[in-house]
Amino acid sequence: MDTYIEQAGLGSILTKVRAGERLSVEDGRRLYSHPDILALGYLANIVRERLNGNKAFFIYNQHINYSNICTNLCKFCAFGKEKGHALAYEMTVAEVQEKVRQRLDEPIREIHMVGGIHPDLPFSYYLDLLRGIKAVRPEVHIQAFTCVEIHHLAQLAGKSVDRTLRDLVDAGLGSLPGGGAEVFSPRIRQATCEKKLSGEGWLEVAKIAHRLGLRTNATMLYGHIETADERLEHLDALRRTQDETGGFLAFIPLAFHPKNTEMAEHGNTTGINDLKNIAVSRLMLDNFPHIKAYWVMLGPKLAQVALAFGADDMDGTVKEEVITHMAGAETAQALGHTTLIRLIREAGRQPVERDTLYTELIPH
Ligand code: V47
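About the criteria used
- Residues numbered from 1 in each chain as written.
- Predicted model: local features only at pLDDT ≥ 70, side-chain atom pairs only at ≥ 80, totals over all residues.
- Heavy atoms only, no water.
- Core = buried A, V, L, I, M, F, W, Y, C linked by side-chain atoms within 4.5 Å.
- Buried < 20%, exposed > 50% of the residue type's maximum accessible area, 1.4 Å probe, protein only.
- Helix = DSSP H or I, 4+ residues; strand = E, 2+ residues; numbered from the N terminus.
- Contact = heavy atoms within 4.5 Å.
- Polar contact = N/O pair within 3.5 Å; in protein donor to acceptor, adjacent residues only side chain to side chain.
- Patch = residues over 30% accessible without salt bridge, like charges linked within 9 Å, V, L, I, M, F, W, Y side chains within 5 Å.
- Areas by Shrake-Rupley, 256 points an atom, 1.4 Å probe, with all protein chains shown as cover.
- Salt bridge = Lys/Arg side-chain N within 4 Å of Asp/Glu carboxyl O.
- Near = heavy atom within 4 Å.
- 1 Å grid on protein atoms, 1.4 Å probe; cavity = no way out; pocket = protein on both sides within 12 Å on 5 of 7 lines; lining within 4 Å.
- Sits in = over half its atoms within 2 Å of the grid points.
- Pairing = 2+ DSSP bridges.
- Axes fitted to C-alpha atoms, helices over the stretch in contact; angles between N-to-C directions.
- Points joined across faces, edges and corners; volume = space filled by probe spheres on them.
- Nonpolar A, V, L, I, M, F, W, Y, C, P; charged D, E, K, R; others polar.
- Phe/Tyr/Trp six-rings, centres within 6.5 Å; stacked < 30°, edge-to-face > 60°.
- Lys NZ or Arg CZ within 6 Å of the ring centre and 35° of its normal.

Now for the nonpolar core. Met-113, Phe-145, Leu-168, Trp-202 and Leu-238 are the most contacted members of the largest nonpolar core, which totals 110 residues. Of the residues forming this core, the biggest block, eight residues, is contributed by helix H6 (residues 123–136). When residues no more than four places from it in sequence are discounted, the contact partners of Leu-238 are Phe-184, Trp-202, Leu-203, Ala-218, Phe-248, Phe-251, Leu-285 and Phe-288. Phe-57, Ala-250, Val-352 and Tyr-358 belong to the second largest nonpolar core, which has five residues in total.

A few words on the environment of Gln-190. With respect to the helices and strands, the residue Gln-190 is situated in helix H9 (residues 186–192). We classify Gln-190 as exposed; its relative accessible area is 53%. Note: C-alpha distance between Gln-190 and Gln-62 (128 residues apart in sequence) is 33 Å. A distance of 3.5 Å separates the side chain of Gln-190 from the side chain of Glu-194, its partner in a polar contact.

Our focus in this paragraph is a nonpolar patch on the surface. On the surface, a cluster of nonpolar side chains totalling about 300 Å² of accessible area is made up of Met-1, Tyr-4 and Leu-38. When you line up the elements, Leu-38 lands in helix H4 (residues 37–52).

Time to look at the site of the ligand. Phe-76, Gly-178, Gly-180, Glu-182 and Lys-292 are the nearest of the 23 residues found near the ligand. Within the backbone of His-257, an N or O atom sits 2.8 Å from a nitrogen atom of the ligand. Contacts to the ligand include Lys-292, whose side-chain N or O atom sits 2.6 Å from an oxygen atom. Burial of the ligand by the surrounding chains reaches 95%, relative to a free accessible area of 620 Å². Among the detected pockets, the ligand sits in the largest cavity. Looking at the shell around the ligand, the elements with two or more residues in it are strand E6 (216–222) and strand E7 (248–255).

Another point: the environment of Lys-319. Following the sequence through the fold, Lys-319 ends up in the loop between strand E9 (313–316) and helix H15 (323–326). In this structure the C-alpha to C-alpha distance between Lys-319 and Gln-155, which are 164 residues apart in sequence, comes to 31 Å. Each residue touching Lys-319, except ones within four places of it in the same chain, is listed here: Asn-61, Gln-62, His-63, Arg-103, Glu-106, Gln-333 and Ala-334.

Here we take up the sheet that holds strand E8 (residues 290–291). Reading across the sheet, the three strands line up as E6-E7-E8 and stay open at both edges, with parallel pairing between neighbours. This sheet does not close on itself; its edge strands, each paired only once, are E6 and E8. For E6 and E7, the ladder comprises six bridges, and the chain directions are parallel. Paired with Ala-218 across the bridge in E7 is Phe-251. Sitting on the sheet, helix H11 (residues 228–245) touches E6 and E7, and the angle it makes with E6 is about 170°. Along the sheet face, helix H12 (residues 271–284) touches E6, E7 and E8 and points at about 160° away from the line of E7.

Let us look at empty space enclosed by the protein. Under the counting rule described, the total for this entry stands at two cavities of 30 Å³ or more. Taken as a whole, the largest cavity encloses approximately 800 Å³ of empty space. What lines the largest cavity is a set of 44 residues, and nearest its centre among them are Val-114, Gly-179, Gly-180, Leu-254 and Ile-323. Those elements that provide at least two residues to the lining of the largest cavity are helix H7 (147–157), E6, E7 and H15. The residue makeup of the lining of the largest cavity, split by class, is 22 nonpolar, 16 polar and six charged. In this structure, the second largest cavity spans a volume of roughly 40 Å³. In terms of lining residues, the second largest cavity is bounded by Glu-110, Gln-143, Asn-217, Leu-249, Lys-292, Arg-354, Thr-356 and Tyr-358. Its residues placed into classes, the lining of the second largest cavity shows two nonpolar, three polar and three charged.

On to the packing of aromatic side chains, then. Summed over all chains, the structure comprises 10 aromatic pairs. Between the aromatic rings of Tyr-66 and Phe-145, the centroid separation amounts to 6.0 Å while the plane-to-plane angle is 80°, which identifies the pairing as edge-to-face. Here Phe-145 lies in the loop between strand E4 (141–144) and H7 and Tyr-66 lies in the loop between strand E2 (61–64) and helix H5 (93–102), a separation of 79 residues in the sequence. Residue Tyr-66 shares its accessibility class with Phe-145, and that shared class is buried. Arranged with centres 5.5 Å apart and planes meeting at 45°, the rings of Phe-184 and Trp-202 form a pair that is tilted. Here Phe-184, found in the loop between strand E5 (173–175) and H9, pairs with Trp-202, found in helix H10 (residues 199–211); they are 18 residues apart in sequence, far enough to count as distant. With respect to class, Phe-184 is no different from Trp-202; both count as buried. Clustering of aromatic rings is evident, with ring pairs tying together Phe-184, Trp-202, Phe-248, Phe-251 and Phe-288. Sitting above the plane of the Tyr-358 ring, Arg-354 keeps its charged end 4.1 Å from the centroid.

Judged by pairing direction, the sheet is parallel, and its four strands sit side by side in the order E2-E3-E4-E5 without closing on themselves. Each edge of the sheet is formed by a strand with only one pairing partner; in this case those strands are E2 and E5. Each strand of the sheet is rotated relative to its neighbour by a mean of 40°, with strand direction disregarded. Bridge count between strand E3 (residues 110–113) and E4: four bridges; the pairing is parallel. Counted as the bridge partner of Glu-110 is His-141 from E4. Packed onto the sheet, H5 meets E2 and E3 and runs at close to 155° relative to E2. The strands touched by H6 within the sheet are E3, E4 and E5, with E3 carrying the most contacts at an inclination of about 155°.

In structure tokens:
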């Protein structure tokens, strides 16, 4: 295989990867522009197996999107709606509690909860959401509110981000999901989500959360107008932040779904582009413990293949995914954990059920 990688012109990168040496942004350019996906997968798999062996993680989780009302209205998003729009909705705390109650008979360990940037729900609503969920399911880990939402809540509460996070933690918040990062480049933000918190602002919230001991995830929305260099800048900014704080758990490359968005002229991502983003992120983000192949966006079959291209986690059962499905995702809205286990096992990996913080619960 080494000869194969050398013949593909990637010998110097293989040497660095074997030595555990950091890849440069220039290495990243070579990887992104390389046509041989098997060579990229081979390299990424070295890092994947060094960090996570043969394990592939999944979690029993439930997604709840408390409201899609949003003032940012990003062009790539089919989920966010203006207040008053026919498809706009917001759940009461009692409705969210009912969603949790409906699944009390399932061994759900995590509730993943995000929404839009709502113009007028008070800060107390968000605290009540967290307390309300904990009242119904006290043991569950709540992974909620992206860095963009946290920044908005701090403004709403008239408090610092640090104080806002402390209040949310007191009410039951366990960690932050990785959404809202998109692509940090100001060019991309200007063209696709000009009202959204800047990339620097997103990273600043993540750093404050990490200093408080909260773990967070990070994402990158790829497959629209971004260049390979802009992806690499994004990865490099995350890698530098992780060097400082060590607070990121997982990186999730998110494949753009164009349907029902203002960027619907773009096609869907291809399998090769999807695998390339998994592999390059695994290679560049040497200090991130986990790379997630989010089956909702990749489809379960490609997410399964991604376990050989750098990914070590398939996310979870999810239940009622809305954000990607409003943008035309054809995947199911939930996967049974037996299906997840079968997908992982047939990929030749060891399925490991985890909690949000990657404590290993049940080897299957
Ligand atoms: O922030 C919006 C993205 C994100 C589209 O942390 C779109 O473990 C594709 O962040 N096509 C929300 N993507 C989802 C998210 C996430 C999902 C699963 C696990 C975790 C985690 C995080 O979805 C948004 C935005 O970046 N998004 N619209 C679209 N049309």
